[in-house]
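Okay, here's what each chain looks like letter by letter:
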Amino acid sequence: MTAASSLPAEVTGAVDALGPWFHNLHLPGEVQTAPDHALGDFPRNKWLVIEPHVPDDLQGWTVLDVGCNAGFYSFELARRGATVHAIDLDEHYLRQARWAAEQLELADRVTFEKLPIYQLAQRPQRYDLVWFMGVLYHLRYPLLGLDIVARKTRRLMMFQTMTIPGEESFMPPDDVPLDQRRMLCDPAWPTMAFIERRVAGDPTNWWAANPSCVEAMLRSSGMRLVTRPAHEVYLCEPGANDGLGIGHLKEDEYLAATQFSPRT
Ligand SMILES: C[S@@+](CC[C@H](N)C(=O)[O-])C[C@H]1O[C@@H](n2cnc3c(N)ncnc32)[C@H](O)[C@@H]1O
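Residues numbered from 1 in each chain as written. Predicted model: local features only at pLDDT ≥ 70, side-chain atom pairs only at ≥ 80, totals over all residues. Heavy atoms only, no water.

Engineer: Before we move on, could you go through the overall build of the protein and cite the residues and values that matter?
Structural biologist: For the protein, the helix and strand inventory stands at seven helices and 11 strands. Taken over C-alpha atoms, the radius of gyration comes to 20 Å for the protein, in line with the 18 Å a tight globule of 264 residues would show. In terms of principal-axis extent, the alpha carbons of the protein reach across some 70 × 40 × 30 Å. Buried positions account for 45% of the 264 residues belonging to the protein. As displayed, the protein has an accessible area near 13,800 Å², and 53% of this comes from carbon and sulfur atoms. Counting 24 positive and 34 negative side-chain charges, the protein places the centres of these two groups 5 Å from one another. (Helix = DSSP H or I, 4+ residues; strand = E, 2+ residues; numbered from the N terminus. Rg over C-alpha atoms; globule rule 2.2 N^0.38 Å. Buried < 20%, exposed > 50% of the residue type's maximum accessible area, 1.4 Å probe, protein only. Areas by Shrake-Rupley, 256 points an atom, 1.4 Å probe, with all protein chains shown as cover. Lys, Arg positive; Asp, Glu negative; His and termini not counted. Charge placed at Lys NZ, Arg CZ, Asp CG, Glu CD.)

Engineer: Explain the site of the ligand to me, using residue names and the numbers behind them.
Structural biologist: Near the ligand, the surroundings consist of 19 residues, among which His 23, Gly 67, Asp 88, Ile 117 and Met 133 are the closest. With respect to the ligand, the side chain of His 23 contributes an N or O atom lying 2.8 Å from an oxygen atom. In the model, an oxygen atom of the ligand is placed 2.6 Å from a nitrogen or oxygen of the Asp 88 side chain. In isolation the ligand has 590 Å² of accessible area, and contact with the protein removes 90% of it. Its residues assigned to classes, the shell around the ligand comprises 12 nonpolar, five polar and two charged. (Near = heavy atom within 4 Å. Polar contact = N/O pair within 3.5 Å; in protein donor to acceptor, adjacent residues only side chain to side chain. Nonpolar A, V, L, I, M, F, W, Y, C, P; charged D, E, K, R; others polar.)

Engineer: Before we move on, can you summarise the pattern of salt bridges with the specific residues and values?
Structural biologist: The tally for this structure, following the rule as stated, stands at 12 salt bridges. Arg 44 is the salt-bridge partner of Asp 41, the closest N and O atoms lying 4.0 Å from each other. For Arg 155, the salt bridge goes to Asp 128, with nearest N and O atoms at 3.3 Å. Within this pair, whereas Arg 155 is found in strand 7 (residues 153-160), its partner Asp 128 is found in strand 6 (residues 127-133), the two being separated by 27 residues in sequence. For Arg 155, a relative accessible area of 39% gives the class partly exposed. (Salt bridge = Lys/Arg side-chain N within 4 Å of Asp/Glu carboxyl O.)

Engineer: I'd like to hear about the nonpolar core, residue by residue, with values.
Structural biologist: In this structure, Phe 75, Leu 77, Trp 99, Phe 112 and Trp 131 are the most contacted members of the largest nonpolar core, which totals 42 residues. When residues no more than four places from it in sequence are discounted, the contact partners of Leu 77 are Trp 47, Val 54, Leu 58, Val 63, Ala 82, Val 84, Leu 129 and Trp 131. Counting 30 residues, the second-largest nonpolar core is a separate cluster that includes Val 66, Ile 87, Phe 132 and Val 214. (Core = buried A, V, L, I, M, F, W, Y, C linked by side-chain atoms within 4.5 Å. Contact = heavy atoms within 4.5 Å.)

Engineer: How would you summarise helix 6 (residues 211-220) if you had to cite specific residues and measurements?
Structural biologist: Burial analysis of helix 6 places eight of its 10 residues in the buried class, which makes it a mostly covered element. Three or more residues of helix 6 are buried, namely Pro 211, Ser 212, Cys 213, Val 214, Glu 215, Ala 216, Met 217 and Leu 218. Looking at the buried side of helix 6, the elements it contacts are helix 5 (142-151), strand 7, strand 8 (192-194), strand 9 (207-209), strand 10 (223-230) and strand 11 (233-238). Within two residues after helix 6, Gly 222 carries a phi angle of roughly 90 degrees, on the positive side.

Engineer: Break down the state of the cysteines for me, with residues and values.
Structural biologist: Overall, the coordinates contain zero disulfides when judged by the stated rule. Of all cysteine sulfurs in the structure, the one in Cys 236 sits closest to Cys 213, which takes part in no disulfide; the separation is 14 Å. Overall, Cys 213 belongs to the buried group, its relative accessible area being 8%. Judged by relative accessible area, which is 0%, Cys 236 ranks as buried. (Disulfide = S-S within 2.5 Å.)

Engineer: Talk me through the environment of Leu 139; I want residue IDs and the actual numbers.
Structural biologist: Residue position: Leu 139 is located in the loop between strand 6 and helix 5. Once the C-alpha coordinates of Leu 139 and Ala 100 are considered, the two residues, 39 residues apart in sequence, prove to be 26 Å apart.

Engineer: Got a sec to walk through the packing of aromatic side chains? Specific residues and values, please.
Structural biologist: Tallying each qualifying case throughout the model produces 13 aromatic pairs. Centre to centre, the rings of Trp 47 and Trp 131 are 6.0 Å apart; their planes meet at 55 degrees, and the pair counts as tilted. You can see Trp 47 sitting in helix 2 (residues 44-50) and its partner Trp 131 sitting in strand 6, a full 84 residues away along the chain. Each member of the pair, Trp 47 as well as Trp 131, is classed as buried. One aromatic cluster is present, built from ring pairs that chain together Trp 47, Phe 72, Tyr 73 and Trp 131. Against the face of Trp 206 rests Arg 140, its NZ or CZ located 4.4 Å from the ring centre. The ring of Trp 61 has Arg 155 sitting right over it, with the charged end atom 4.0 Å from the ring centre. (Phe/Tyr/Trp six-rings, centres within 6.5 Å; stacked < 30°, edge-to-face > 60°. Lys NZ or Arg CZ within 6 Å of the ring centre and 35° of its normal.)

Engineer: If you had to explain the sheet that holds strand 3 (residues 62-66) to someone new, which residues and values would you point to?
Structural biologist: In spatial order, the strands read 5-4-3-6-7-11-10; together these seven strands make up an open sheet with mixed pairing. Of all strands in the sheet, those bounded by a partner on one side alone are strand 5 (110-114) and strand 10. With direction set aside, neighbouring strand axes in the sheet form an average angle of 20 degrees. Note: strand 3 against strand 4 (residues 83-88), five bridges, orientation parallel. Its bridge partner being in strand 4, Asp 65 is matched across the sheet by Ala 86. The sheet strands contacting helix 3 (residues 72-79) are strand 3, strand 4, strand 5 and strand 6, and the helix crosses strand 5 at an angle near 155 degrees. Where helix 5 meets the sheet, its contacts fall on strand 3, strand 6, strand 7 and strand 10, and the angle it forms with strand 7 comes to roughly 145 degrees. (Pairing = 2+ DSSP bridges. Axes fitted to C-alpha atoms, helices over the stretch in contact; angles between N-to-C directions.)

Here it is in structure tokens:
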């Protein structure tokens, strides 16, 4: 007999009806939503590694959880006192998240909204903490997505993306002469592999970056690396300046891509 089978039929019935689940949420009464997850007790196992790097007291903090899925991280951050705005484009996961918020009695601290990441550009709000885990590689326009959420970040961003093996912390030269482009093939060079078909059966896994590319993209989006709490996880704060004096070029392209009027 499983733990869940001894629980009220309506709870386990709702878990089944709302499945399949990607997040294994621990609900009251020892109900779990995905106890047989291929990644183990996911994402609790990941959270336990990174949570020491998150302020214990988030009272008064606003949090944006991008690609919230069933809300695991939103709930943990809300438990620390934050007011959380959680977005996802998939109504299937949002249904799970809203239902779980009620079960966990956290519905007053977390607001779930169906919103593709790109539409955040149209919103004026900024957040003390942006939680941007497991989404970048699903975007066809990853740097645009990162630029958008970087602009939403007031204090901290917790970032995670799928990577490929490679060097870390590579600082490229200011310029690459046209006839020396071979240096772009250096294994340390920031590189992102484009996935035309699938990884792990998922056709929305578009990109896998090497670690130096992750760091370069974060810098290029104006984020400064604070620490790396776990494999593929980067805690950042606003503040990087690429020193190239091309902020106006980035700004014009950003505005064009996000459908705001270009600067005149
Ligand atoms: C791999 S899951 C990561 C879930 C959670 N952030 C985590 O780290 O466990 C990716 C989530 O991002 C959502 N997502 C993918 N593309 C998105 C987009 N363009 N805008 C908003 N959410 C997106 C998916 O629906 C899915 O729930």
